[in-house]
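Spelled out, the chains give:
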Amino acid sequence: MIGELLPDQPALDNPGVLQAKNVTPYAQGYRPTRNLVPQTDALTGPCKGAALLQSATGVIYNYAGDATDIYTRTGDSWTSVQNGYTLGDDDRWAFDRWYDTVLAVNGVDKLQVGDFNGTMADADTAAPIGRHIAVARNFVMVGNLIENNQGTAPIADAAGVSWSALGDPTKWDIEVSGEQGFQHLDGSGEVTGIFGGEYFTICMQGGIYRANPVGPPAQFQFDQVMPNRPVPYSGAIVQVGYGIYFLSYDGFYMFDGNTAHPISSGKMSKAFFNDFDRDAASVMTAEADLENNLIYFAYPGQGHQSGICNRAYVYNYVTGLWTGPIEQDTQQLIYSRTPGVLADSLDD
């Protein structure tokens, strides 16, 4: 059996391999990377974010956004469900859903909400403008606030988060009830990602916070659980279950809710950083292939085109094996399934 990818180890007597290019890691070795086959038409402009969302009844929808529109996928084409947006070069879409309400933020407009395949609109006059979004325990939370509208006057707080009323992502005015609110998080720089579940995991440039629901009047207890583990790259964070996989300044890690564990140290961290163009880190994109237990981290390597990732490393989160780099130009990674069908039927 071929050994694991270990380019950071000396070449002499290396127990693994120095390269595992254009293959993916599986339980019993490696498999060739499949050739890309077009599945849909292109968006009108470069993709700035995409997500697979599942309705409360289990129907699958694919959403994507560019600088001007939000789209849903129908068959092999994309249909605009809302237009008129004006995203800048560094702005990105982030999507989530609360039951049968689609949620989207882009760092320019107030939180957008709508029904599946329906039009999108501002959630509320007091809804925030932010860059990251997640859902936990029937609350919607938005972070890296370009504009927090819950106070007496709009304020910007890149280290802040705000949350909706319980069970209603269209209510954000703190004068209406005591459920919604906001919090500034000290000492860790900007919010780079938020992930939900039973609690919120808030990734920041300088560390990781966890927001545990505690009920009124505070609603959440914010704990800085990893004050010295930076999560600086918002495009290189992936959630699988309650594990958060991310790129830090010295390698890749998995945060289990309490501790961040290194997963690339002594394996391929040095090889990655020798190729990685940090100045173009904002174009990074990452996604999990849940069917094969893989996480893809696409990044701008040496010789990349402006605004495009040209390589990816792949991590098997069951075996702990890495492969890479895969040579492939990429704008956006998305875990996609056939839209308009029940999720359960895809396993038949």
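Residues numbered from 1 in each chain as written. Predicted model: local features only at pLDDT ≥ 70, side-chain atom pairs only at ≥ 80, totals over all residues. Heavy atoms only, no water.

(A) Summary view of the sheet that holds strand 20 (residues 243-247). Reading across from one edge, 19-20-21-22 is the order of the four strands in this open sheet, with antiparallel pairing throughout. Since the sheet does not close on itself, it has two edges, and those belong to strand 19 (237-240) and strand 22 (260-262), each with one partner. The mean angle between the axes of side-by-side strands here comes to 25 degrees, regardless of whether they run parallel or antiparallel. Note that strand 21 (residues 252-255) and strand 22 share three bridges and pair antiparallel. If you follow Met254 over to strand 22, its bridge partner there is His261. (Pairing = 2+ DSSP bridges. Helix = DSSP H or I, 4+ residues; strand = E, 2+ residues; numbered from the N terminus. Axes fitted to C-alpha atoms, helices over the stretch in contact; angles between N-to-C directions.)

(B) How the structure looks around the packing of aromatic side chains. On inspection of all chains with the given rule, the structure shows 29 aromatic pairs. Between Tyr61 and Phe116, the aromatic rings sit 4.4 Å apart at their centres with planes inclined by 20 degrees, giving stacked as the arrangement. Of this pair, Tyr61 sits in strand 4 (residues 60-65) while Phe116 sits in the loop between strand 9 (112-115) and strand 10 (121-122), and the two are 55 residues apart along the sequence. Here Tyr61 matches Phe116 in class, with each residue buried. Both rings, one in Trp163 and one in Phe220, keep their centres 5.1 Å apart while their planes meet at 75 degrees; by these two values the pair is edge-to-face. In this pair, Trp163 is assigned in strand 13 (residues 155-163) and Phe220 in strand 18 (residues 219-226), connecting sequence segments 57 residues apart. (Phe/Tyr/Trp six-rings, centres within 6.5 Å; stacked < 30°, edge-to-face > 60°. Buried < 20%, exposed > 50% of the residue type's maximum accessible area, 1.4 Å probe, protein only.)

(C) Expanded view of the sheet that holds strand 11 (residues 129-136). With respect to topology, four strands assemble into an open sheet ordered 11-12-13-14, the strand pairing being antiparallel. The strands lining the two open edges of the sheet, one partner per strand, are strand 11 and strand 14 (181-184). On average, adjacent strands in this sheet sit at an angle of 25 degrees to one another, irrespective of strand direction. In the sheet, strand 13 pairs with strand 14 via four bridges, with the strands oriented antiparallel. Each bridged residue has a counterpart across the sheet, and for Val161 the counterpart in strand 14 is Gln183.

(D) Geometry of the side chain of His304. By the element assignment, His304 lies in the loop between strand 24 (294-299) and strand 25 (309-316). Among the polar contacts listed, one links the side chain of His304 to the side chain of Asp277, at a separation of 2.8 Å. What His304 contacts, discounting residues up to four positions off in sequence, is Asp277, Ala280 and Asn310. (Polar contact = N/O pair within 3.5 Å; in protein donor to acceptor, adjacent residues only side chain to side chain. Contact = heavy atoms within 4.5 Å.)

(E) Molecular detail of the nonpolar core. Among the nonpolar cores identified, the biggest contains 28 residues, and Tyr245, Leu247, Phe272, Phe276 and Trp322 are the most heavily contacted of them. Among the elements of the structure, strand 19, strand 20, strand 21, helix 1 (269-275), strand 23 (285-289), strand 24 and strand 25 are those that each provide at least two residues to this core. Of the residues forming this core, the biggest block, three residues, is contributed by strand 24. In contact with Phe272, other than residues within four places in its own chain, are Leu247, Phe252, Met284, Tyr299 and Tyr313. Counting 17 residues, the second largest nonpolar core, distinct from the first, contains Val161, Ile194, Phe200 and Phe220. (Core = buried A, V, L, I, M, F, W, Y, C linked by side-chain atoms within 4.5 Å.)

(F) Focus on the layout of surface pockets. Computed from the structure, the second largest pocket encloses a volume of approximately 2,000 Å³. The set of elements that each furnish at least two residues to the lining of the second largest pocket consists of strand 1 (23-26), strand 2 (29-32), strand 4, strand 23, strand 24 and strand 26 (322-330). The leading source of residues in the lining of the second largest pocket is strand 26, at five residues. Grouping the amino acids of the lining of the second largest pocket by side-chain chemistry returns 21 nonpolar, 15 polar and ten charged. (1 Å grid on protein atoms, 1.4 Å probe; cavity = no way out; pocket = protein on both sides within 12 Å on 5 of 7 lines; lining within 4 Å. Points joined across faces, edges and corners; volume = space filled by probe spheres on them. Nonpolar A, V, L, I, M, F, W, Y, C, P; charged D, E, K, R; others polar.)

(G) Local environment of the pairing of strand 9. For strand 8 (residues 101-105) and strand 9, the ladder comprises four bridges, and the chain directions are antiparallel. Directly across from Thr101, in strand 9, lies its bridge partner Asp115. What sits between strand 8 and strand 9 in their antiparallel hairpin is a turn of six residues, with Gly107 showing a positive phi close to 80 degrees. Of the pairings in the sheet, the one linking strand 9 to strand 10 comprises two bridges and is antiparallel in character. The partner of Gln112 across the bridge, within strand 10, is Asp122. Linkage of strand 9 to strand 10, two consecutive antiparallel strands, is achieved through a turn of five residues, within which Asn117 is found at a positive phi near 65 degrees.

(H) Examining the confidence of the model for the protein chain more closely. Model confidence for the protein chain is summarised by a mean pLDDT of 92, while 96% of its residues fall at 70 or above. Confidence over residues 341-348 falls short of pLDDT 50; this stretch has 14 contacts with residues more than four positions distant or in other chains. (pLDDT = per-residue confidence, 0-100.)

(I) Seen up close, unusual backbone geometry. Looking along the chain, the bond that leaves Pro216 and enters Pro217 is cis, with omega of 5 degrees. Mapped onto the elements, Pro217 comes out in the loop between strand 17 (207-215) and strand 18. Looking along the chain, the bond that leaves Gly324 and enters Pro325 is cis, with omega of -5 degrees. A positive phi angle, close to 55 degrees, is found at Asn22, a residue other than glycine. Along the polypeptide, Asn22 turns up in the segment before strand 1. With a relative accessible area of 33%, Asn22 lands in the partly exposed category. One non-glycine residue, Asn293, lies in the positive phi region at around 60 degrees. In this fold, Asn293 is placed in the loop between strand 23 and strand 24.

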